[in-house]
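Next come the chains, spelled out residue by residue.
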Amino acid sequence: MRATIETEKGIIEYSMFGKGETILFIHGGHSNCNETLFQKGFKTTEYQLLTPSRPGYGKTPLNFQNKSPKGTAELIISLLDKLKINSVKVIGISAGGLTALELTANYPERINYLVLISALTKKWFKGADPTYRKGKIIFSPRMEKFSWAIYNILLKFFSRLMTKVMFKELSKYRPIKFEKDEIEELKEMTIKMRSFQGFNNDLDQDIEQNILNKIKCKTLILHSNYDNSVSFEHPENAKRKIKQAELIMFNNRWGHLLWLGKEYKEPLAEIEKQWKK
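Conventions we followed
Throughout, residues of each chain are indexed from 1 in the direction in which the sequence is written. With pLDDT at 70 or above as the cut-off, local features in this predicted model cover only qualifying residues; side-chain atom pairs require 80 or more to be listed or tallied, and sums for whole chains, interfaces and linings still use all residues. As a convention, hydrogens and water are excluded, and side-chain values are obtained from all of the structure's heavy atoms. Patch membership is restricted to residues that have no salt bridge and whose relative accessible area is over 30%. Joining uses 9 Å for like charges and 5 Å for the nonpolar side chains Val, Leu, Ile, Met, Phe, Trp and Tyr. In this description, accessible areas are obtained by the Shrake-Rupley approach with a 1.4 Å probe, and a residue is regarded as covered only by the protein chains that are shown. Salt bridge, as applied in this entry: a Lys or Arg side-chain nitrogen positioned within 4 Å of an Asp or Glu carboxyl oxygen. For the charge count, each Lys or Arg is scored as positive and each Asp or Glu as negative, with His and the chain ends excluded. Where a charge lies is defined by one atom per residue type, namely NZ (Lys), CZ (Arg), CG (Asp) and CD (Glu). Here a helix means four or more residues in a row that DSSP labels H or I, a strand means two or more in a row labelled E, and each is numbered from the N terminus. Contact criterion: two residues are considered in contact whenever any of their non-hydrogen atoms come within 4.5 Å of each other. Here, the term nonpolar core denotes a set of buried Ala, Val, Leu, Ile, Met, Phe, Trp, Tyr and Cys residues that are joined through side-chain atoms within 4.5 Å. With a 1.4 Å probe rolled over the protein chains alone, any residue whose accessible area is under 20% of its type maximum counts as buried; one over 50% counts as exposed, and the rest are partly exposed. Two rings from Phe, Tyr or Trp (for Trp, the six-membered ring) form a pair when their centres are within 6.5 Å of each other. A pair whose planes differ by under 30 degrees is stacked, one over 60 is edge-to-face, and the rest are tilted. By the criterion adopted, a ring carries a charge over it if an Arg CZ or a Lys NZ lies within 6 Å of its centre and within 35 degrees of its normal.

Among the surface-exposed residues, Arg160, Lys164, Lys168, Arg174 and Lys180 lie close enough to one another that they form a single positively charged patch. Among the elements that take part in the positive patch, helix α5 (residues 159–170) stands out by supplying three residues, more than any other. Summarising the element assignment, Lys180 is placed in helix α6 (residues 180–190).

When you line up the elements, Ser147 lands in helix α4 (residues 144–157). Residue contacts for Ser147: discarding those within four places in its chain leaves Ile138 and Phe139.

So, on to the nonpolar core. Ranked by internal contacts, the top residues of the largest apolar core, which has 82 residues, are Phe42, Ile91, Val115, Leu222, Trp259 and Trp275. With residues up to four places along the chain from it excluded, the contact list for Trp275 reads Ile23, Phe42, Tyr47, Lys89, Ile91, Tyr113 and Val115.

This brings us to the packing of aromatic side chains. Inspection of every chain in the model, using the stated rule, returns 16 aromatic pairs. Judged by centre distance (6.5 Å) and plane angle (85°), the rings of Phe38 and Trp259 are edge-to-face. Remark: Trp259 occurs in the loop between β8 (245–250) and α10 (265–275) and Phe38 occurs in the loop between β3 (21–26) and β4 (47–52); sequence separation between them is 221 residues. Each of the two residues, Phe38 as well as Trp259, counts as buried. Aromatic side chains Trp124 and Phe199 sit 5.8 Å apart centroid to centroid with 85° between the ring planes, which places their arrangement in the edge-to-face category. Here Phe199 lies in helix α7 (residues 198–202) and Trp124 lies in the loop between β6 (111–117) and α3 (130–138), a separation of 75 residues in the sequence. Accessibility expressed as a relative area gives 13% for Trp124, which makes it buried. An aromatic cluster is built from Phe25, Phe38, Phe42, Tyr47, Tyr113, Trp259 and Trp275, whose rings are joined through pairwise contacts. Here the basic side chain of Lys89 rests over the ring of Trp275, its NZ or CZ set 5.3 Å away from the ring centre.

By themselves, these figures tell us nothing about what the structure is for.
So this is what it looks like as C-alpha cells:
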C-alpha cells in the first residue's frame, strides 16, 4: 500500500507492506517510499515494512517545520500516531541516519531497536568540500530531474560503463567488480531515484551531538570498510556515544550499498541475529 495522508504535523507520503512487528525504514538521499531495495530479505509474513518519504522527497512537502532531522522525526511520530502504531524497530539508512537518531533519542517509548546502515551520525560535509559544492549544483531542485534522466538513459544504453561510474562513487573496493544481476538491481533502484528538494536539504542537515548520548535502546551499526560516500568517522562517532551500540564492519564490494547484490545476506543475518537475542 502507498498513500499520502494529513497528520497533526503535516502531509506525509508512505508505503506499508506485510503483517507483524513494524520496521520503520528511514531512507537515504535521492530516495522515497517507492524504493524498497533496502528492504530485501525482510519477510512480509513476519514484519510490517513502513517507509515514509522524508520531507522534500516524493510527495512529502519540505517546509520550515520539518526540514531538520528533529522536525522530520516529529512528522514521522505523527504518522505512527495516525496509523495507530505504538512501537517500531527503526532502520536508518545513509542520510536518513540523522532522523533515525533524533527519533530514537526523543521518543524512547516508541522505538525498541535502532539499526544504522551506512548512516550519517553528524553533519555530512563542510561548505567548502568539493563534493558538497558539486552536490548542490547537480542535484539542485532545478537540475536534479535532468541529472537523473541523463544518468538513467546512459545506464540503459551503456549499462556496464555507467554501473562502473556509480560503483566508483559508492565504493573504494578495487578491482571494480560486479555481476550482471547487480546491474539490473542498480537500474531498478536508480529509475525510482529523484532528489527533488530533499537532497539539497540533506547536505545541510546536522544534529546536536548530545542527542546520541540520550539513546538508551540497543543499537546495531552496520558499515562497510569500502564505503566511499559516508566515512568511517560516522559509525565510529555513533559507537563512541551510544551506550548500547555494537559496530560491525563489512568488506562488501559495493561499499555504501550494503543491500545491493548477494552480499546483502551478511548484514541481514547480523540484524536478525541481534533481534533474536
